[in-house]
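Fold and geometry: a report
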Amino acid sequence: MERYDLVYRLYDEFDTESLQEYQEFVDLFPAIDSRVVLEHWRDASDELEGRKDEIRDAFASGETFAEVAARATREQAFTALDLEAKYGRPVNVLVLDVDETLRSAGGTDNEIPRDTLHMLTEFHEQGVPIVICTGQTLENVKGFAIQGLGSEIVHSGSLSIVYEAGTGVFTPGHGADTKQLLYEDLDVEIRDVFDDVRSRVLPEASEELRRGCHLQGNEFNVTLKPNYETGTSLARETIDEALIYLIDLLADAVGSIVDVDTEVDGDEERNGDETLTDWTRAFYADQDPEIRTVLEQHGSYPDVSVGDVPDELAAVLERIDVAYYEADAAEIGSLELNKVVGVERALDVLGVDDPFALVMGDSKSDLRVMEWVAENDAGIAAAPEHASRDTLDHVISSDELVFDQGKSVDLLRTVYALNRFARLG
């Protein structure tokens, strides 16, 4: 309890709120070519150091307490103490989703906030590798990573990008291991299914759907995104339609490689294609309650049971993931290539042999990584308040690390404090 008592004293005896304001001003003040402005920044920096010196002189581990007080609120500091008491080790790698986690369409105008970016540079300077783990394309992620973090960090050898939800890994500065196309390891028949769906997805879509969405420029996954603002009613209607269309297109593509008997006794009106489509819809409705809800709401839920799906068909469908992100995207991906596989490969390239990761994310694909670190005692999980229900349930049942929309920096500051306390021994 001695360390808790010291933290109580820290926040009771010192004006930590003003200290944090000075720290944020010094960290985030934009570079302006003005002597007056520069002098103002220097004055603030001197005041910041003076206030930190008072804390340094008041505690045996003064540097740690000064840095914690300057960056973490009282609540964040005590949460960090609880995490340190529970796990007894610092976070040694960050695994971070981007959309609706680091940035939010509703909370940050879809930009990663400057305070979040600055905290990531702080972790980088402390030698903590960063794994950006996203469903986006590599080119999109590289663009905003370089713009936000700078080319030096991106090409430092300690940053890796797991893109398209685990189909590829890009880790600049690692020679032959820099770019790894994990989808090339899949069986030919599975790759053929994706090639088939991709080649037909726009040409065979209805005119209304073609106007309402576009095909994301992925290397492997097939992702339809709305041509409307994410989260709007128009985007929701478009993605609901796109989801049903993708499932049906997948059914046809898989049917071309799987030999199953689609004749249904006593039902002369049903043909083989309809039967195959219904089985595929039933399969994915059983896999994901959100998909089932969309099918039911649009009158597309099949009059068959998942138990009717032939084993030969199920064996292929079990290797293919259909993902639904409400009013945001409908996607087909490989269940053999997910964010967990990508993160494992990224950690291997980065040389993180004994990970204790902070995993931050909002979706089902992020939940898989969270569950993986939990099963292997390899980290902690955090999610925004608007994350999917299953993701929130997991996070709340573990360490309750839930943050407000657009405020991922709060969790990063908590982990910053955790790492400072953990290094005290």
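Scroll up to find the structure.
Below is a summary of the structure that appears in this document. Small disclaimer: the values here were computed from a predicted structure and weren't measured.

Thresholds applied
Residues numbered from 1 in each chain as written. Predicted model: local features only at pLDDT ≥ 70, side-chain atom pairs only at ≥ 80, totals over all residues. Heavy atoms only, no water. Helix = DSSP H or I, 4+ residues; strand = E, 2+ residues; numbered from the N terminus. Contact = heavy atoms within 4.5 Å. Areas by Shrake-Rupley, 256 points an atom, 1.4 Å probe, with all protein chains shown as cover. Lys, Arg positive; Asp, Glu negative; His and termini not counted. Charge placed at Lys NZ, Arg CZ, Asp CG, Glu CD. Salt bridge = Lys/Arg side-chain N within 4 Å of Asp/Glu carboxyl O. Buried < 20%, exposed > 50% of the residue type's maximum accessible area, 1.4 Å probe, protein only. Pairing = 2+ DSSP bridges. Phe/Tyr/Trp six-rings, centres within 6.5 Å; stacked < 30°, edge-to-face > 60°. Lys NZ or Arg CZ within 6 Å of the ring centre and 35° of its normal.

In this section: the overall build of the protein chain. Along the backbone of the protein chain there are 18 helices and twelve strands. Overall, the protein chain is about 85 × 50 × 45 Å in size when its C-alpha atoms are taken along their principal axes. Sequence separation of 24 or more characterises 69% of the internal contacts of the protein chain that already satisfy a separation of 6 or more. Carbon and sulfur atoms make up 42% of the accessible area of the protein chain, which amounts to about 19,300 Å² in all. With 35 positive and 92 negative side-chain charges, the protein chain shows a spacing of 6 Å between the two charge centroids.

We now examine the pattern of salt bridges. Tallied over the full model, the rule gives 35 salt bridges. Here D12 and R74 are joined by a salt bridge, their closest N and O atoms 3.1 Å apart. Here D12 is found in helix α1 (residues 2–13), whereas its partner R74 is found in helix α5 (residues 74–87), with 62 residues between them in sequence. The class for D12 is exposed, based on a relative accessible area of 54%. Given a relative accessible area of 33%, R74 falls into the partly exposed group. Note that D187 is salt-bridged to R319, the shortest N-O span being 2.9 Å.

So, about the sheet that holds strand β1 (residues 93–96). Judged by pairing direction, the sheet is mixed, and its eight strands sit side by side in the order β5-β4-β3-β2-β1-β10-β11-β12 without closing on themselves. The open sheet has two edge strands with one neighbour each: β5 (179–181) and β12 (402–403). Pairing of strand β4 (residues 168–170) with β5 involves three bridges; the strand directions are antiparallel. When the sheet's bridge partners are listed, V169 is paired in β5 with Q180.

So, about the packing of aromatic side chains. Inspection of every chain in the model, using the stated rule, returns eleven aromatic pairs. Between the aromatic rings of Y183 and F220, the centroid separation amounts to 5.2 Å while the plane-to-plane angle is 10°, which identifies the pairing as stacked. In this pair, Y183 sits in the loop between β5 and α9 (188–200) while F220 sits in the loop between β6 (213–215) and β7 (222–226), placing the two residues 37 residues apart along the sequence. You can call F220 buried: its relative accessible area is 4%. Clustering of aromatic rings is evident, with ring pairs tying together F14, F59, F65 and F421. In this structure, K364 packs its charged tip against the face of Y325, placed 5.6 Å from the ring centre.

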